[in-house]
Amino acid sequence: MTSPRASASASPTTPADPPSAEARPRRAAARGSWLGRLAIAVLRPVLRRLVAVQTVGADALVARLDRGQPVCYALQFRTLSTLVVLDEQTRALGLPLPLAPLAAAGADGTPQAVERHSFFYLTRSGQPSPLRAQPYAYAPRLARLAAAVRADPAVDVTIVPVHVFWGRAPRNQDSIVKALLAEGWAIPGTLRQLARVLIHGRQTMLEFGEPMSLREMLEGADDDALALRRAARLLRAAFRRVRERVIGPDLSHRHVLINAVIAGEPVQRAIDEAGQAKGQTRERAEQTARRAAWEIASNYSYPFIRAYDLLLQLLWNRLYDGISANRLDELRDIASDATVVYVPCHRSHIDYLLLSFLIYYQGLPPPHVAAGANLNLPVVGGLLRRGGAFFLRRSFRGDALYAAVFAEYLHAMITRGFPVEYFVEGGRSRTGRTLAPKAGLLAMTVDSWLRAPQRPLVFVPVYIGYERVLEGDTYVAELSGRPKRKESLLGLLRSVRVLREHFGRVHVNVGEPIPLGPFLGAHGALPGAAPTTPAGAPDPSASRRAAASTKADLDRRAAVDALALEIVTRINDAVVVNPVNLVSVAMLGSPRHAMDAAQLVRQLDLLRELLARAPYSARLVITPLSGTEIVEQAERTGVLWRIPHPLGDVLQVHGAQVALLAYFRNNVLHAWALPALLAALLSQHPGVAREQLLSVAHRVFPLLRAELFLSWDAAALGTKVDACLDAFESLGLTAAGPGTRGDGAAALHTLAQLMRQPLERWFITLAVLTGQGSGALTPKALEDLCFLLAQRMAFLHEPGSPEFFDRASFRAIIATLGELGWVRGIDGRLAFDGALVEAAADAPWLLSPEVRFAIAQVTRLSDEDVVRAEGLFLGGRKL
């Protein structure tokens, strides 16, 4: 029941007479001191002006209260303003006063429990410390009352939990400041509580909880210590239930989670080993582990989540035209009965905020996001923690204790069902292509689930695409050779100037989920039933058990690698082709990055139609804008520059925009990979037989699949080729070739140019290998040479294309050659046979004579060139 709304300035009643000096407790409570009385006297008239209170549960409390039994109020947090509000309301409602003395008579009528006041704080100490397992102290008054009740069967005290909420729940706030200061789960400090009273004082709610008999709470306790713990636990549960109902569940549990992490068997074992290795006491090693856990753990806060919500709404409206979200409704079904691990692609620091924002608006708890320790900056790190970020170092090497703590922290979150988010690429993509996955966090996640597979775990790939990325200029500079700048608070403040700029729309699409259990089962990585030994038979030998353990470990590693590859493949399956992607594909494939305006409109429509007729995947999303609308948007956002001309306007890409557009072309390169490969063949050899076309495509396909993470294998290549050829024919592309004109020829040329750089890197690698001979180069020497030669070729023939000589691409090519068996290691050097030579001979089928000549020129190396190139990197010089 709810009483009529009562102001904090209601008229007081007269308290009972104080007890005699002999009956006073041995030790006065802190609020009974002269300083406490002075503070209350000063605070009371201030709160009467600032605070208006709505009371809940007062009528029910009056009806159930036994006036003959002493009453003691329990407050959750130690804040003086809460106590004064309680005292004012009890005076207005005619209830026993918290500041009045408490006396409970025993069987003989003599006072057995005498206290100066009739209240206590359940949580008495300040914020948790990372170095103590139990940061809270039990209330002395509760301890004395419990001891008195246990000592005399006639003594009992009614405990009334009192819940005071300053302001509405965070989710109901419409102001960032109000949301930050809204009621949460964290213990408020003095300044925070003062601000909360000033901001939310007129929206304060006081709720009287269910009265509880202290004697009944202590039933079954064998000693005073156990009795005190039981009473405190029951009160904590009562406070937690009401707080969850009013403001939502506690998503932090930071201190509890850290205790669970430290108590875990792997961490305990690592503490012992670290102490022995470093000659430390066990207590010192455990403190090191606690500091590591405190450094890692998030500190979820509902007020901050709501404040982020309001702030991000302002940010999105300022930076973007909107957010296009696809298939987000699937998340609710997935999360209803499974632990969810979100694994988005990583294009920008905005990714962290964007996905959490969208998940929050689906009515789901925002995930705990793994963030690099480089983002744990002063002020910024604390804010990110409150939004759910937990931090990890870039490398765990050499610190087994930290690795054990982090793995156990991840395990604790997964077993408790918290949603988690991390980026399998490890870092942001500077080229725009999806990066090769790193399996570290995936392996920890798989190990955690295998330890406790009670609840299903599902990976949810997410594609995030931008029409303009905040870090675009930085990416181009880093690809051109400028060292990566370390994140700093000053750098963050400088980046605020981007708020004056415009960044188009953001596009998000949810990929096909991956249930972990079935995936591991399909890869033979689920632990089977332990074989039983017949009675009387000898036990299996230690060597056989060790062999079985080694095989299981190898199966698990292979499954984790397959899972990493499957995740990035499904991210690519969910690609969203936005207007800027289409403009970049069309314009970067044209000479001098310029095109007749009317022709560009037709090219954009044709490219859209090609993807619609031969879609890359079932989850592909294509912009609904027409070619005309795309051009208008590109002009409006400064991507294209119109040059008026009497014979028809020309659209051109600004010089500074060329490298940035390459980034957005690379976002969707995989969606056109096969059409572009076929276009390269048809543009050089129109009318080529399907068998020859398929033969060349089969040899080049492994390169494309490894670099672009294509979702189909070589067995499906024939079907895919036929679908693309049918689409080509229906659009009039198959008849286009060298010397022909028209939209079909232009589109074929555009598509062929799309695949030019990957093919050039491929044939540079093959040319270097065949030129140097079998067994001449180590894998590292080959990578270094390819990097230098591609860099030189970019300077000579590919201006404005720093992503052309990306090292990761050459590393993937060399790995693919090994997987195909075209190269093999002999004494640390790469040997090859006829299969690689045959693949190198495919260049005339795919590259123009001019490009083949350029590759032949740059790859003509003397022994001195090879030695000089190797020396650059052996000497530590970076290019």
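Residues numbered from 1 in each chain as written. Predicted model: local features only at pLDDT ≥ 70, side-chain atom pairs only at ≥ 80, totals over all residues. Heavy atoms only, no water.

Participant: How do you make sense of the overall build of the protein when you look at a structure like this?
Facilitator: Each helix and strand in the protein was counted, giving 36 helices and 24 strands. For the protein, contacts bridging at least 24 residues in sequence account for 78% of all contacts bridging at least 6. When the accessible surface of the protein is totalled, it reaches about 38800 Å², and 55% of it is carbon and sulfur. (Helix = DSSP H or I, 4+ residues; strand = E, 2+ residues; numbered from the N terminus. Contact = heavy atoms within 4.5 Å. Areas by Shrake-Rupley, 256 points an atom, 1.4 Å probe, with all protein chains shown as cover.)

Participant: Whenever I open this one, the pattern of salt bridges confuses me. Can you help?
Facilitator: It is possible for side chains bearing opposite charge to pair when their charged atoms get close. Counted under the stated rule, the structure contains 40 salt bridges. Where Asp-399 meets Arg-393, a salt bridge forms, and the shortest distance between an N and an O atom there is 3.0 Å. With a shortest N-O distance of 3.8 Å, Arg-433 and Glu-707 are connected by a salt bridge. With Arg-433 in the loop between β14 (420-421) and α17 (440-451) and Glu-707 in helix α27 (residues 690-708), this pair connects stretches of sequence that are 274 residues apart. Look at the salt bridges and you will find they share partners, linking Arg-44, Arg-48, Asp-87, Glu-88 and Arg-91 into a network. (Salt bridge = Lys/Arg side-chain N within 4 Å of Asp/Glu carboxyl O.)

Participant: What should I look at first to understand helix α22 (residues 579-588) in this one?
Facilitator: The α-helix winds at 3.6 residues per turn, so residues separated by three or four positions along the chain end up facing the same way. Most of α22 sits out of view: 10 of its 10 residues are buried. Those residues of α22 lying buried are Pro-579, Val-580, Asn-581, Leu-582, Val-583, Ser-584, Val-585, Ala-586, Met-587 and Leu-588. Backbone nitrogen of Val-580 and a side-chain oxygen of the N-cap are separated by 2.9 Å at the start of α22; the cap is Asn-578. (Buried < 20%, exposed > 50% of the residue type's maximum accessible area, 1.4 Å probe, protein only. Polar contact = N/O pair within 3.5 Å; in protein donor to acceptor, adjacent residues only side chain to side chain.)

Participant: Explanation requested: the sheet that holds strand β19 (residues 594-596) in the structure shown.
Facilitator: The strands that make up a sheet are held in pairs by hydrogen bonds between backbone atoms, and each pair lies either parallel or antiparallel. Taken together, three strands build an open sheet; the order of strands is β19-β22-β21 and the sheet is antiparallel. Each having just a single partner strand, β19 and β21 (640-643) make up the two edges of the open sheet. Direction aside, neighbouring strands of the sheet carry axes that sit 25 degrees apart on average. Against the sheet, helix α24 (residues 627-636) engages β21 and β22 (650-653), with an angle of about 100 degrees to β21. (Pairing = 2+ DSSP bridges. Axes fitted to C-alpha atoms, helices over the stretch in contact; angles between N-to-C directions.)

Read these as spatial facts, not as claims about activity.
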